[in-house]
Amino acid sequence: MMSTTAVTDLKRQGFRQWLSLVYFTLKNAYFGWTFFLPSFVLIMAQMFTAAAIYYLMGRLVDPGAASDVASYHMGYGTYIVTGVMFNLILSTTLSAYHQAWLSGYWATQFDTYLQHPGGVTAYLAGSVLFDYLISLISTVIYVIVGIGLFGITIDVPNLPVVLVILVLGIFSLTGLGLLGASTFSLLNAKQQGQNPVDWLVGFGVALLAGVYFPPAVLPNWLQHVGRWLPQTHAIRAARLALNGQSGLTAHGMRDDLLYLVVFGAVTLPIGMLAFAAGLRRAQRQGTLTRWS
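Residues numbered from 1 in each chain as written. Predicted model: local features only at pLDDT ≥ 70, side-chain atom pairs only at ≥ 80, totals over all residues. Heavy atoms only, no water.

With respect to the overall build of the protein chain
Here comes step 1: Along its length, the protein chain carries 10 helices and zero strands.
Here comes step 2: Ordered by position from N to C terminus, the α and β elements of the protein chain give α-α-α-α-α-α-α-α-α-α.
Here comes step 3: A globule of 292 residues ought to have a C-alpha radius of gyration of about 19 Å, and the protein chain, at 21 Å, matches this closely.
Here comes step 4: Of all 292 residues assigned to the protein chain, the portion counted as buried reaches 42%.
Here comes step 5: Contacts in the protein chain between residues at least 24 apart in sequence constitute 76% of all its contacts with a sequence separation of at least 6.
Here comes step 6: For the protein chain, the exposed surface amounts to about 15,400 Å²; the carbon and sulfur share of it is 69%.
Here comes step 7: Here the protein chain contributes 14 positive and 9 negative side-chain charges, whose respective centroids are spaced 12 Å apart. (Helix = DSSP H or I, 4+ residues; strand = E, 2+ residues; numbered from the N terminus. Rg over C-alpha atoms; globule rule 2.2 N^0.38 Å. Buried < 20%, exposed > 50% of the residue type's maximum accessible area, 1.4 Å probe, protein only. Contact = heavy atoms within 4.5 Å. Areas by Shrake-Rupley, 256 points an atom, 1.4 Å probe, with all protein chains shown as cover. Lys, Arg positive; Asp, Glu negative; His and termini not counted. Charge placed at Lys NZ, Arg CZ, Asp CG, Glu CD.)

Here it is in structure tokens:
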């Protein structure tokens, strides 16, 4: 009979192996991203031009929209850029799990990772982390463009508060991200753009969550609908914190953060159950890989 110490060492070795596979996935994704130099240069150029467009849009629209964003004590240019930057991470949470499943299937990565214990989950975890890395790089580019081209002064007086809001925003949306990924197997959503959760929530966010314009300009009934979206609360709280107006215990901030916690606590178990059910179904039916 195997001793308790041996069992513990075996579990530790298994976890270390899983982490090594996650790291391998990250490294492989990075080399794949940078391998073709013209493609990589074009991707980086697109990031820079997208950032410049939002800054320029803010400059042009600011005189007419200043009164609508006055409650945040910032100009419209800062309003839209902070919203877009923060939503980069939130939208990644919503789409990365399904995107990881798509790449594992269509790039036949699952065929290889199935050879190792825990390989599929390691691949999915590494792919999701790489998507977060890309979002972080995009955020840094926004900062560089703002400082270098538009002379923006970067001052974040409540950086720890902003990071807490970001973590809670990710937590609130992870359940929906897992639920959307489960549709790969449960609804046979095996093509890019076929994630119904990502599409529906993403459409609502673009219109209702205050990423591009203040929700206050919308009809009251649309404002009420927008309050159901976690992004509405996360982005509003982040803007207040970025401008140094509110701490975690401030009344308005506390309500937003409480909503993120409750929303995540409700949706995360649902998303985890749906994701696990989808993975089991794919393994049972032999549809986890293309050539099964």
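A word on the environment of Pro196
Here comes step 1: You can see Pro196 is positioned in helix 7 (residues 196-208).
Here comes step 2: Distance in space between the C-alpha atoms of Pro196 and Leu179 is 9.6 Å, their sequence separation being 17 residues.
Here comes step 3: Setting aside its immediate chain neighbours within four residues, Pro196 contacts Thr183 and Leu187.

Some remarks on the packing of helix 3 (residues 76-106) against helix 9 (residues 230-242)
Here comes step 1: Contact pair helix 3 / helix 9: the axes reach a minimum separation of 10 Å and the direction vectors enclose 135 degrees. Relative to helix 9, the element helix 3 lies oblique. Our pair here, helix 3 against helix 9, has a crossing hand that is right-handed. Contact residues: helix 3 offers Tyr79, Ile80, Thr82, Gly83, Phe86, Asn87, Leu90 and Leu94, while helix 9 offers Gln231, Ala234, Ile235, Ala238, Arg239 and Leu242. (Axes fitted to C-alpha atoms, helices over the stretch in contact; angles between N-to-C directions. Parallel < 35°, antiparallel > 145°, perpendicular 65-115°, else oblique. Left-handed = near helix turned anticlockwise from the far one by under 90°.)

Let's talk about helix 7
Here comes step 1: Taking 1.5 Å as the rise per residue, helix 7 with 13 residues should run 18 Å; its terminal C-alpha atoms sit 18 Å apart, in good agreement.
Here comes step 2: All of the buried residues in helix 7 are Val197, Val201, Gly204, Val205 and Leu208. Looking straight down helix 7, one finds that the buried residues subtend no more than 100 degrees of arc, so they occupy a single side. Pointing more than 90 degrees away from the buried face of helix 7 are the exposed residues Trp199 and Phe203.
Here comes step 3: Of the surrounding elements, those touching the buried residues of helix 7 are helix 3, helix 6 (159-186), helix 8 (220-226) and helix 9. (Expected span 1.5 Å × (residues − 1). Arc of directions from axis to C-beta.)

As for the pattern of salt bridges
Here comes step 1: One pass over the structure, following the stated rule, counts one salt bridge.
Here comes step 2: Between Asp256 and Arg236 there is a salt bridge; the shortest N-O distance is 2.6 Å. You can see Asp256 sitting in helix 10 (residues 251-285) and its partner Arg236 sitting in helix 9, a full 20 residues away along the chain.
Here comes step 3: Arg236 gets classed as partly exposed once you look at its relative accessible area, which sits at 31%. (Salt bridge = Lys/Arg side-chain N within 4 Å of Asp/Glu carboxyl O.)

A few points about the nonpolar core
Here comes step 1: Phe86, Tyr142, Ile165 and Met253 are the most contacted members of the largest nonpolar core, which totals 50 residues.
Here comes step 2: The set of elements that each furnish at least two residues to this core consists of helix 2 (37-65), helix 3, helix 5 (119-148), helix 6, helix 7, helix 9 and helix 10.
Here comes step 3: It is helix 3 that contributes the most residues to this core, nine residues altogether. (Core = buried A, V, L, I, M, F, W, Y, C linked by side-chain atoms within 4.5 Å.)

Any functional reading would require information beyond the geometric quantities listed.
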